[in-house]
Structures are given as C-alpha cells and as structure tokens.
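# Observations on chain architecture
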Amino acid sequence: MEALTCKRCKQTSSLPPSAQRIRCLGCQTLHSLSATGDAARSTTQEFRLDISKKKTEAKDLCRTLRRKLPFSTTTPPPPPQNTPCASLRGKPRPGRRALVCGVSYRKQKHELKGSALDVRKMSALLLESFHFPQESVLVLTEEDGFLPPTRENIEEGLRWLVRGIRPGDSLVFYFSGHGKRQREEVAGDEIDGFDETICPVDFEANGMIVDNFINRAIVRPLGPGVKLHAIIDSCHSGTILDLPHVCNARGEWEDNSPPSGAYKGTKGGKAICFSACEDYQLAADTTLFSSEREMTGAMTITFINAIKESQERNEKISYKGVMDAMHESIKQAGKSGGIFAGIRRRFHRRILQDPLLSSTEEFNTSTEFSL
C-alpha cells in the first residue's frame, strides 16, 4: 500500500488505492488525492529506492571487509602449531591418537591445582617427543578453548579413541584428577572386592566412571596390531583398567584375573597401563619437582621427566627404566616431604605412593618404551 506524507505536520498516512481524499492522522488536514496523489506516489517510490540503495551499499562493504581479512569469515583460522585440536565428533586419523583428560574441579571442595598443568605437559610430550599429530590429540579440560571433562564427554572420548582402529595404531589415554574406589558392581570381579573409579568434573551429580566401563570401552575392542598405553594419575588407580597382569616392585608379573573368571583382555591387541599408585594408596599433587614451585601430579611429572632425561642423554629407555626412575624420584621426594594444595591424598604431607605397571599380557619390561 502507498503512503502520503502531510506537508503541514510531516505525518505519514497509508494511502488506500480507491480513495479520493484522505484526512491526516496528525493535524486532521483534509487532503485531496487528485492534487497530492502524484506527490505521494513519488515519495513512496523515493523511499523504496533509498532502502534498495542502502542494501547495495551494505553488501559492497561486506565484500570489501572479506577481501581485507587474512582468512574467510566462514572458515575458522588454523590452530596454533603444536596445539591439540582433535574433535570429539570427528573421525579419528589412523596411526597415533590420544585422549588427554585433566580435571581441576574448579570452585568445588575437591579442587586440584595441578591437573591443568599436567594436561599441558602431557600434551607437549605427545606432540613434541612422540610426534603425535595435533589433529589426533583430543583434550578435555576446564581450560578455555576445550570441551569440559564431564562424564558424558569422557565416555564419548573413550569411544572416540578406539573408533575405526586398525593394525599399527598406537593409542594413549591420559587422566589427571581424582580417583576413588567402591564395592564391586559384579560379585567376584575384583580380587580385593573393590572397583576403582575416575571422577569427572560432574561426578557428584552424574556419577563416576568405573573400571569395568573403561575396560569394555578401550581394552576389549583392541584388535591385532593395536597397542594402547594408559597413564592414570589419580588415587586408587593401580588396576583402573582391570588388566589381568600386574608387575610388582621386584619386576615380577602377578595374576590379577577376576576370581569369577570373567575375561578382561583384548581381541588380539595389547593394553599397558602406568598407574600413579596401588589400589589402596593415594596420589599427590606437589611442587617438589618444579623449580618455579608449580603444582603438578607427582606421577605425571616423574613419568615425563624419566622420558625427557633419557632423550636428552640420547638414550633409549625401557618400561622398567621408566618405572624405576619414577619410583626413585618419588622415594627421594617423600624423604623431603612437601605441602600439597588441592590434595589428591588429603591428609598426608609426604608422598607415599608406588606407581604400578599392568598389562593384558606378560612381557619383558626391559623392552624399549615407545608410544
């Protein structure tokens, strides 16, 4: 419908197509359309042309801005070099891949100070020392730019880790956070009668992730030629993957199979787990291994240091070498004592934990360690 603008008060009124006269809604002046119709129609046409002109100018401005930007506005910029950028919903690449989880429990009574740094250090180790592609390292943490380590995301991340695996793939699952134990879900499933768990950031609302689930999710699917390494820095983590063989402090393999006879192995692949401590022990956050007094998980920092120190000496390191170095570092730190903030072991001021090695099959621990 066309419009009429009153020359006296500038009020705009709708212009019915069959009307001969119209009264202004503002000043009540009666206008004859025979005298003003052409002017009204001209005003309406000018208004439409003005809108069309502004649309054209806006489109031209957008085109100019796009040409000046270093990348397309519809495509995200490439991630910084050596920054993990795998997508939880994406299809994993064959070869090396890793799920790295760190839970700080921010603003909760269980808050940990070392987990965020643990994640950064472990990610750097995988990317720089073992040459994992950044597109194949999935990080779940409370830091900006990453998905939070909720129960749903961690469980989906475990499924992502084994999705489409093939012979030759090397998988890593790393977790830094709280761990607990509870009465076994299935009678005869545990030698000590307790299941081990890891605690997502929302565990108080949505529950913990139990060792039975972890075993089913990332151990059982492993086919021939696929190897998994789990590195778990949490309390009560000794048999968190429910692997049937455990290597004691003397380097001897012990049977950890369920009394029920339930199968906890793979479909032909191999799973190896480095745990922060025995099932009955607690793990610690500490500043004792940092010259800058940075808080880290004792297990995480000693594991990383053992590998980096051997690389700096241009020497190979075995599984036994990694375990021995961790034991010795923690033993020496335990003698000096330390104060922990966000304590995984809540009532201890000394480090009293014994890292543990477990596997789906017995093997020579003098074998060279690699990921």
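Positions within a chain are numbered from 1, following the residues in the order the chain's sequence is written. At least 70 in pLDDT is required for a residue's local features to be given in this predicted model, at least 80 for side-chain atom pairs to be given and counted, and no such filter applies to totals for whole chains, interfaces and linings, which use all residues. Excluding hydrogens and water, the side-chain figures rest on all heavy atoms present in the structure.

## A word on the nonpolar core
- One finds Leu-158, Phe-173, Phe-175, Ile-218, Leu-228 and Leu-241 to be the most contacted residues of the largest nonpolar core, which totals 38 residues.
- Each helix is a run of H or I in the DSSP string that is no shorter than four residues. Each strand is a run of E no shorter than two, and both are numbered from the N terminus. At the level of secondary structure, the elements contributing two or more residues to this core comprise β5 (96-102), β6 (137-140), α3 (151-161), β7 (170-176), α5 (211-219), β11 (227-233) and β14 (270-275).
- Tallying contributions element by element places α5 first for this core, with 5 residues.
- It only takes one pair of heavy atoms within 4.5 Å for two residues to be counted as in contact. Those residues in contact with Ile-218 that lie beyond four places of it in its chain are Leu-158, Leu-161, Val-162, Phe-173 and Leu-228.
- By size, the runner-up hydrophobic cluster in this structure holds 36 residues, among which are Tyr-174, Ile-231, Ile-272 and Phe-369. Among buried residues, the Ala, Val, Leu, Ile, Met, Phe, Trp, Tyr and Cys ones that are joined through side-chain atoms within 4.5 Å form a nonpolar core. Burial classes: relative accessible area under 20% of the type maximum marks a residue as buried, over 50% as exposed, and values in between as partly exposed (1.4 Å probe, protein chains only).

## Description of the sheet that holds β6
- Taken in spatial order, the 8 strands make up an open sheet running β6-β5-β7-β11-β14-β17-β12-β13, and their pairing is mixed. In the strand order of this sheet, the two ends are held by β6 and β13 (253-255), each with one partner. Direction aside, the axes of adjacent strands within the sheet are offset by 15° on average.
- Two strands make a pair as long as DSSP finds a minimum of two bridges between them. Here 7 bridges tie β5 to β7, and the two strands are oriented parallel to one another. If you follow Arg-97 over to β7, its bridge partner there is Leu-171.
- Between N-to-C directions, angles span 0 to 180 degrees; the directions come from axes that are lines fitted to C-alpha atoms, helices contributing only their stretch in contact. Taken strand by strand, helix α6 (residues 298-312) contacts β7, β11 and β14, and its axis lies near 130° from that of β11.

## Quick word on the pattern of salt bridges
- Each salt bridge in this description consists of a side-chain nitrogen of Lys or Arg and a carboxyl oxygen of Asp or Glu lying within 4 Å of one another. Counted according to the given criterion, the structure contains 16 salt bridges.
- Between Asp-324 and Lys-320 there is a salt bridge; the shortest N-O distance is 2.7 Å. You can see Asp-324 and its partner Lys-320 sitting in helix α7 (residues 319-336), 4 residues apart, about one turn around the helix.

## Structural notes on the side chain of Lys-270
- Looking at the secondary structure, you find Lys-270 in strand β14.
- Just so you know, the count uses Lys and Arg for positive and Asp and Glu for negative, and it drops His and the chain ends. For the buried Lys-270, which has no salt bridge, the nearest side chain bearing the opposite charge is Glu-361, at an N-O separation of 4.1 Å.
- When neighbours within four sequence positions are excluded, Lys-270 is seen to be in contact with Leu-222, Val-226, Lys-227, Leu-228, Ser-359, Thr-360, Glu-361 and Phe-363.

## Focus on the confidence of the model for the protein chain
- One number per residue, pLDDT, summarises how confident the predictor is, and it ranges from 0 to 100. This prediction gives the protein chain a mean pLDDT of 84; 78% of its residues lie at or above 70.
- Across residues 69-77 the pLDDT falls below 50, and counting only partners more than four positions away or on other chains, this stretch makes 2 contacts in the model.
- pLDDT under 50 marks residues 339-349. Its contacts with residues more than four places away, or in other chains, come to 46 contacts.

## A short note on unusual backbone geometry
- Located in the positive-phi region is Lys-107, a residue other than glycine, with phi close to 60°.
- Structurally, Lys-107 can be placed in the loop between β5 and α2 (115-129).
- In the Ramachandran plot, Asn-314 falls in the positive-phi region, its phi being about 60° despite a non-glycine side chain.
- If you trace the backbone, Asn-314 turns up in the loop between α6 and α7.

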